[in-house]
Structure formats: C-alpha cells, structure tokens
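Topology and contacts: notes
Below are the chains, spelled out letter by letter.
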Amino acid sequence: MYFEIVDHLNTVLAETISTLTPETPFDAASCTFVATKDTTHGDLTTNAAMVLAKTLKKNPREIAAMFQEKLTASPHVEKVMIAGPGFINIRLSGTVLIDTLKSILKEKEHYGRSFRFSGKKALVEFVSANPTGPLHVGHVRGAVVGDTTAELLRAVGYEVTREYYYNDAGVQMQMLGRSVQARYRQLFGVDSPLPENGYKGDYIRYIAAGLKSSRGDSLLREEKWEPFTEYAADVLMNIIMDDLRRLRVLFDATFSERSLHTSGAVARTLKQLAEKGATYEQDGAIWLRTTDHGDEKDRVLVKSDGEPTYVTPDIAYHCDKYDRGFDLLVNVMGHDHHSQVERVKTALRIFGHNLDRLQYLLNQMVSIQREGEKVKLSTREGQFMTLAEMVDELGADVTRYFFAQRSYKAQMIFDWDLAKKQSMDNPVYYLQYVHARACSMEEKAIERGIGVSPAMEFDTSILMGEKERLLLLKLFYYPSFVSDAAERFETQLIPTYLEDLAKMFHTYYQAQRVLDQDDPAGSLARFHLVLAIRQVMRNGLGLLRVNAPERM
RNA sequence: GCGCCCAUAGCUCAGUCGGAUAGAGCAACUGCCUUCUAAGCAGUGGGUCGCAGGUUCGAGUCCUGCUGGGCGCGCCA
C-alpha cells in the first residue's frame, strides 16, 4: 500500500515537474514525498517547490500552487496544503488508511515485506570468529547486526545466504593445537608446559579431557600438533554454533580457510595478481603494490617463510564470493579490522570486481556498564563475559534487542542493569506488552462475541477520529521503515519505529475504551485496529527475531 | 604522524540519509487502578546539537579547519 501510494504521488510530481521545466533537464528523483515529522503538517510532504524555485526563478509558494490541482485530483488525496516557505503537504484520503488496515489483516506476517529486490541474491558474512575459543560480547554485536541485516534484506526480496568464514589454518590454529596437546599430556602426568602465548582458558582443559575420553592415551606419542588442532577446532566450532543457535542465529553455510589452500584458490589468486603486475618479490617475501592505490606502504602477501599472511586467503575468499554470482555482498566485522578492508578492496579493484556490490559494516566496540562499573572488553584481554553468559542471564530477546537498537557505527555502552530489569523500564518488555495486551483484548472480544469480520465489514467512519487516524497512518508507514532499514543497513530504524508505535498504542488504550458494551459498532471497528497494530508489532519484532508473547 | 568512527538533556541513545517549534527512555518531581493486563497513562523541569568558519531559501544533518574520546596503521590473525 505505502509504495503504491507514494510511487503514484511521486509520478504525478515528476510529470508536473517535466511540464514546468521542458527546457532545463531537472532531476525529478530528488523531489519526492516523505512522511511529515509533525502531524500538524499533514501526512506526506515534499519540498519540490523549494527545490525548483531557483531553476524556475519563482516564489516557492507560487510554484507549489501549480502542483496543487494535479495532486488534489488523485483519489488517494483528501487535501493538499501549502505551508511555510513552500512545503506541499498532503492529507491522505480515508480510503488509503482503511485499505492499509485491511491489507495488514489480509497479508498478516507478509505485511511490510516488499519485492523491490526480488530475484537478487545477497551474501551476508558475519561473526567469522576463529575457532580458538568461545564467543564473547564483541562477537554478539556482530552476530546481531549481521543476522538482523540478513533478515531485513530478505524482507525486501533478497534471497539471502548467511555465511561464517573461519580460519582453520595458520599460526593461531597451530597455537590452539599445541595448547590442547600440552593439556592432554598433563592429563597423563607428563610434564608438558603450555607453549609461550598459548591459550590459557579452562576450555582448553575441557577439550583435552574430551580427547582423553574418546581416544584414551593413543595420542601420547603423537608429535605433530595437527591432530590436536583438528579435534579442538571441531569441538569449538560446535560450541560456537550452539551458542549462536541459542541467540537464534542460524547460518546457511560455513566456509573454511583451509579449503582455499587445498583447492588451490590461494595459489591461483597469487598467480593472477602476479600476472597483472600487482606483486613483486623482495627480501624473500611477495608484496602487493597497495601504494598504487593510496596505501602508505606495500603489504606482504606471502612471508619469507613461504606462509601466506591473513590477507591472502581473504582475497581469494572474496574472489570466490564474486564468482558465486551474488548481487550484494555484506561483510560484518569489528571496526578494528578496518585496515584489512582496504587491502582486500585494493586486490578486488585490481581484479576489476565491482566494489559497489560490496558493503562492509564495521561495528564499533562494546563496553558493559554493570552496577555503575564500566567493564571494557577487547579480544586481547581475558574475557569473562561470553555470549553464553549473556544469553543465560538476559535471554535472547533482550540481548538481540539491545544490540539491534543502536547504530552499529557508534561505540556502545551496554546498560547491563537496564537489560536485566524485567519491568517497564526495559524497552523490550514495553514492546512485548503491546502484543500481550492486544492478545488479551482479543480474548475478551471473543468472550463478548466480537470477531474479525472476514469481509472486513465494520463501520470505517469510527476509525477516522484523529486518534485512530494517527495510528493507521503509523501502520501505513511501516513498510517504508523496513525498506529504509534494509537499504541503509541500519537495524536501529526498526526499534525506533516500534517504540513509537508502542507509545501510541498504550496512550490510545488509556484514552479510549476499545471494547465497549454500549457501543458494538465502535467496538468492532476499534478491535480491527488493535489487531492490525498487534500484527505490525509482531512483524517488526519478527524482523529482529524477538518473541512476541501472547501473555505476560 | 597517517587513516577510520564518534561527540545531541544529568545518564544511555534516536533523529526516516538538507526541512517547519531538536525527540525517546532512564534518573528527579506531581497526579491516575471498582473498567479491555498499572510490565500502563498523563503532566513538570531539563539543550549554545563539542568549537569556529563555509555552502543555501533553510544545517543536528553536507564541506573545511580545530578540540576531545575510541580503534587501527606487523613478514599477527
């Protein structure tokens, strides 16, 4: 409904603009209708007249008047008002709002979804933590941002793949294997110290104990670290995926770094870069000429010991993503990997890949405020706050909501005490309460013999009161928020919208009796409105993968 | 030194990507349950949108320069 109406109005706008400016080419796309911020200014507004003022050398209000007739003729428009310096404000016809209500009740969970990107494929890569330990708070933010973004993209028509890239090769994995090996030997009383910079966490002992119970002492004479790495990585990947599942994050695919080595993709990438003259050899290492693309120094692709650096398989991985034919590639990772991004992009540019298809979402750091105390978290320091602990203490709903609520770009202070509260102070419960309250009203309605009319027959004039009208208008805007959130990769637009809607609903509930024994016609009409609000709340929470309980 | 991000109410943050009188929640204060859930509602106080310029009809939003904070800048990942 929203896009249908706004597209129609924008077309009228564009046509009128082209008749007004037949000589001068004018970008009509820059003049569109948007929702008003202040309801006293009508429902939709455009600044077209003011933008055109310079080109036409006329007073904006005078220009606005030239649009008025055409717009008034639209069946979707009740009234056109010219206000302020030259805004064209539109009040939508009641039919539009009633049709919105009907389509919500008809489309149900599909309301708000669109087909703007139907037929397009998107890959969202996120979390991608190495299997060297359990996930911590920093990963949770990436997990929520990535998963919610994926869900938003799906809501606007993309066929989405969620992928987890993990480094099961390299020095860190060797360290993991050797740490487990040491703990394993200790279990048999062998004096075997942890390697320098080895992993000290208790989970290493846990993994070693698991190995002992499944393999006995059969690995005691094993000198190589690889079997230990393989086993530990396997265990840790399972733990990671279990934790993520508890956060309601499910991946469609994992992609192993080692597979890029064994398949020859890394070697092929290096060869192709060399053929393009983008690399050279010096001091026994192979360098990428990133300085040709604005870097301050060239970067090493292959170390003098013959081992590739981290960036090399990452380049091969991204080439693989391009080869798989996605229309959109989204990468969610910590902002501390920023310099890495430029190197990958440089290589992709050398290969001639279209960087417009690649979108990095670099989320900033999270710190936790708990009982007034600020706990800073970083990968290097020992982590006492893991994903599992968060979900245990706060639940998936609260954990997800708190991260989705904020822009990924800004550093975030996670208010643990607020998140912990199961009260009205906590926005999650505030939203869920809308849903529960509406469900409770439905029960009451059924008791009183009020049911949804399949033919949508109810007295629509009752919903044209100003309070009801504003609620309908809010529901009308919902698809635009979904669309904006997806296109701009801004998850927080959804919580912002839902909190607005919740506020309006609770206010309405307080001010207006919905189910009134003395007013059956009014009760029926308002009941339909409540059901529509409940549906949108459920859909919005669904995008965030937050539960909408029927009872609280 | 260079790069990226941030700076909005006492605190945590929004601000629909240049619009009209800058918002919400928390905290503080005052009211409202015999009713469809008070996990709620209504109201009060609280601001030089870090600073200084610039762009234009119009700037919290865009540009430049500062200040302050975070992160990065490795033949680590």
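The final tally for this structure, using the stated rule, is 28 salt bridges. Between arginine 469 and aspartate 43 there is a salt bridge, with the nearest N and O atoms lying 2.9 Å from each other. In this pair, arginine 469 is assigned in helix H16 (residues 466–488) and aspartate 43 in the loop between strand E1 (34–35) and strand E2 (44–46), connecting sequence segments 426 residues apart. Relative accessible area serves as the criterion here: at 3%, aspartate 43 is assigned to the buried category. Salt-bridge contacts for aspartate 397 lead to arginine 248; the nearest nitrogen and oxygen are separated by 2.6 Å.

To continue, consider the side chain of arginine 469. According to the relative accessible area criterion, arginine 469 is buried, its value standing at 1%. Engagement of the side chain of arginine 469 in a polar contact is seen with the side chain of aspartate 43, the distance being 2.9 Å. Aside from chain neighbours lying at most four places away, what touches arginine 469 is Asp43, Arg91, Leu92, Leu97, Leu463 and Met464.

All right, on to the pairing of strand E8 (residues 279–282) then. Inspection of the sheet shows E8 paired to strand E9 (residues 285–288) by four bridges, in the antiparallel sense. Within E9, the residue paired with glutamate 281 across the bridge is isoleucine 286.

Let us look at the sheet that holds E8. Pairing is antiparallel across the open sheet formed by three strands, whose spatial order is E8-E9-E10. Of all the strands in the sheet, the pair left with one neighbour each is E8 and strand E10 (299–302). For this sheet the average axis-to-axis angle between neighbouring strands, irrespective of direction, equals 45°. Across the sheet, helix H10 (residues 265–275) touches E8, E9 and E10, and the angle it forms with E10 is around 130°.

Counting buried residues in strand E5 (residues 121–125) gives four out of five residues, a clear majority hidden from the surface. Sheet topology places E5 next to strand E6 (residues 159–166); five bridges connect them, and they run parallel. Along E6, the bridge assignment pairs valine 124 with arginine 162. Inspection of the sheet shows E5 paired to strand E11 (residues 328–334) by four bridges, in the parallel sense. Across the sheet, residue leucine 123 finds its bridge partner in E11, namely leucine 329.

We now examine the packing of helix H2 (residues 48–56) against helix H3 (residues 60–72). As a packed pair, H2 and H3 sit with axes 8 Å apart at the nearest point and diverge in direction by 110°. By the angle between their directions, the pair H2 and H3 is classed as roughly perpendicular. With respect to the hand of their crossing, H2 and H3 are arranged in right-handed fashion. Mapping the contact onto sequence places Ala49, Met50, Leu52, Ala53 and Leu56 in H2 and Pro60, Ile63, Ala64 and Phe67 in H3.

This part covers the domain arrangement of chain A. Each assigned domain of chain A is listed here: domain 1 (2–92), domain 2 (126–250 + 384–415), domain 3 (263–363) and domain 4 (423–543). Measuring from the centre of the C-alpha atoms in domain 1 to the corresponding centre in domain 2 gives 54 Å.

The end-to-end C-alpha distance of helix H8 (residues 226–246), which contains 21 residues, comes to 30 Å, matching closely the 30 Å that a straight helix rising 1.5 Å per residue would cover. Residues of H8 that are buried include every one of Phe228, Thr229, Ala232, Ala233, Val235, Leu236, Met237, Ile240, Met241, Asp243 and Leu244, and no others. Following H8 by one or two positions, arginine 248 has its phi on the positive side, about 65°.

Spatially, the four strands line up as an open sheet ordered E1-E2-E4-E3, and their pairing is antiparallel. Every interior strand has two partners, whereas the edge strands, E1 and strand E3 (77–83), have only one. Of the pairings in the sheet, the one linking E3 to strand E4 (residues 87–92) comprises six bridges and is antiparallel in character. Paired with lysine 79 across the strands is arginine 91, a residue of E4.

This brings us to the nonpolar core. Side chains of nonpolar character tend, in soluble globular proteins, to be buried together. Residues Tyr164, Leu244 and Phe414 are the most contacted members of the largest nonpolar core, which totals 125 residues. Residues contacting leucine 244, with those up to four places away along its chain left out, are Val127, Leu135, Ala143, Tyr164, Val249, Phe251 and Leu387. Counting residues in each nonpolar core, the second largest holds 31 residues, with Phe255, Phe351, Leu355 and Leu358 among its members.

According to the stated counting rule, one finds 19 aromatic pairs in the structure shown. Here phenylalanine 403 and phenylalanine 414 contribute two aromatic rings whose centre-to-centre distance is 5.2 Å and whose plane-to-plane angle is 40°, an arrangement assigned as tilted. Taken together, the positions of phenylalanine 403 in helix H13 (residues 387–404) and phenylalanine 414 in strand E15 (residues 412–415) put the pair eleven residues apart, joining distant regions of the chain. In this structure phenylalanine 414 comes out as buried when scored by relative accessible area, which is 0%. Clustering of aromatic rings is evident, with ring pairs tying together Tyr2, Phe3, Phe476 and Tyr477. Above the ring of phenylalanine 326, the side-chain terminus of lysine 121 is found at 5.0 Å from the ring centroid. Between the NZ or CZ atom of arginine 437 and the centre of the ring of tyrosine 509, over which it lies, the distance is 3.7 Å.

This part takes up unusual backbone geometry. With a phi angle near 45°, serine 128 is a residue other than glycine that sits in the positive phi range. When its relative accessible area of 16% is taken as the criterion, serine 128 is described as buried.

Calculation rules
Residues numbered from 1 in each chain as written. Chains lettered and ligands numbered in written order. Predicted model: local features only at pLDDT ≥ 70, side-chain atom pairs only at ≥ 80, totals over all residues. Heavy atoms only, no water. Salt bridge = Lys/Arg side-chain N within 4 Å of Asp/Glu carboxyl O. Helix = DSSP H or I, 4+ residues; strand = E, 2+ residues; numbered from the N terminus. Buried < 20%, exposed > 50% of the residue type's maximum accessible area, 1.4 Å probe, protein only. Polar contact = N/O pair within 3.5 Å; in protein donor to acceptor, adjacent residues only side chain to side chain. Contact = heavy atoms within 4.5 Å. Pairing = 2+ DSSP bridges. Axes fitted to C-alpha atoms, helices over the stretch in contact; angles between N-to-C directions. Parallel < 35°, antiparallel > 145°, perpendicular 65-115°, else oblique. Left-handed = near helix turned anticlockwise from the far one by under 90°. Domains from an automatic or database assignment. Expected span 1.5 Å × (residues − 1). Core = buried A, V, L, I, M, F, W, Y, C linked by side-chain atoms within 4.5 Å. Phe/Tyr/Trp six-rings, centres within 6.5 Å; stacked < 30°, edge-to-face > 60°. Lys NZ or Arg CZ within 6 Å of the ring centre and 35° of its normal.

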